[in-house]
Amino acid sequence: QVQLVESGGGLVQPGGSLRLSCAASGSIFSASAMGWYRQAPGKQRELVASITSGGITNYADSVKGRFTISRDNAKNTVYLQMNSLKPEDTAVYYCNARVTVIGTITPRNYWGQGTQVTVSS
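These lines cover the structure that appears in this document, whether it is placed above or below. Since the structure is predicted, the reported quantities are computational estimates derived from the model, not experimental observations.

**A look at the state of the cysteines**
Stage number 1. A complete count under the given rule lists one disulfide for this structure.
Stage number 2. Each disulfide pairs two cysteine sulfurs, and for Cys22 the partner residue is Cys95, the sulfurs being separated by 2.1 Å. The disulfide joining Cys22 to Cys95 has a torsion of about -80 degrees about its S-S bond and is therefore left-handed. Taken as a pair, Cys22 in strand β3 (residues 18-26) and Cys95 in strand β9 (residues 91-101) lie far apart in primary sequence, 73 residues in all.
Stage number 3. When its relative accessible area of 0% is taken as the criterion, Cys22 is described as buried.
Stage number 4. Accessibility expressed as a relative area gives 0% for Cys95, which makes it buried.

Structure follows, in structure tokens:
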């Protein structure tokens, strides 16, 4: 019913930048919170940043001042601009969206397939 498609990952040198995009499609009535999580090898998945439909943002302390989350509500798309990347930012990044499907009243969480971000010289 709902698909999240991510793009924009890749290999970048320390200090470089990447921009991730995630487009939600399907039978979407509304998408409230959207966000990005990441999971490094051997570690638990953690929240990187989130944004509400009203534009309220939340960031992990480790990325504050370096990453910026934004969204286009008309396109149900969320972006993550990542600057000053560090090797410790290396992980698989997952898009998440809390979506109410058309014809239902209870929102559910949906996940993208993940995109690899590798920061290395």
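**Considerations on the nonpolar core**
Stage number 1. In this structure, Trp36, Leu80, Met82 and Tyr93 are the most contacted members of the largest nonpolar core, which totals 33 residues.
Stage number 2. Elements that contribute at least two residues to this core include exactly β1 (2-7), β3, β4 (28-39), β5 (46-51), β7 (67-72), β8 (77-82), β9 and β11 (115-119).
Stage number 3. Here this core takes six residues from β9, the largest share from any one element.
Stage number 4. In contact with Tyr93, not counting residues within four places along its chain, are Glu6, Leu20, Trp36, Tyr37, Arg38, Val48, Phe67, Leu80, Met82, Gly114, Thr115 and Val117.

**As for unusual backbone geometry**
Stage number 1. Its identity as a non-glycine residue notwithstanding, Asn76 has a phi of 50 degrees, on the positive side.
Stage number 2. Considering the arrangement of structural elements, one finds Asn76 in the loop between β7 and β8.
Stage number 3. Looking at Asn76, the relative accessible area reads 18%, which means it is buried.
Stage number 4. Although it is not a glycine, Ser84 adopts a positive phi angle of roughly 50 degrees.
Stage number 5. Tracing the backbone through its elements, the reader meets Ser84 in the loop between β8 and β9.

The rules behind the values
Residues numbered from 1 in each chain as written. Predicted model: local features only at pLDDT ≥ 70, side-chain atom pairs only at ≥ 80, totals over all residues. Heavy atoms only, no water. Disulfide = S-S within 2.5 Å. Helix = DSSP H or I, 4+ residues; strand = E, 2+ residues; numbered from the N terminus. Buried < 20%, exposed > 50% of the residue type's maximum accessible area, 1.4 Å probe, protein only. Core = buried A, V, L, I, M, F, W, Y, C linked by side-chain atoms within 4.5 Å. Contact = heavy atoms within 4.5 Å.

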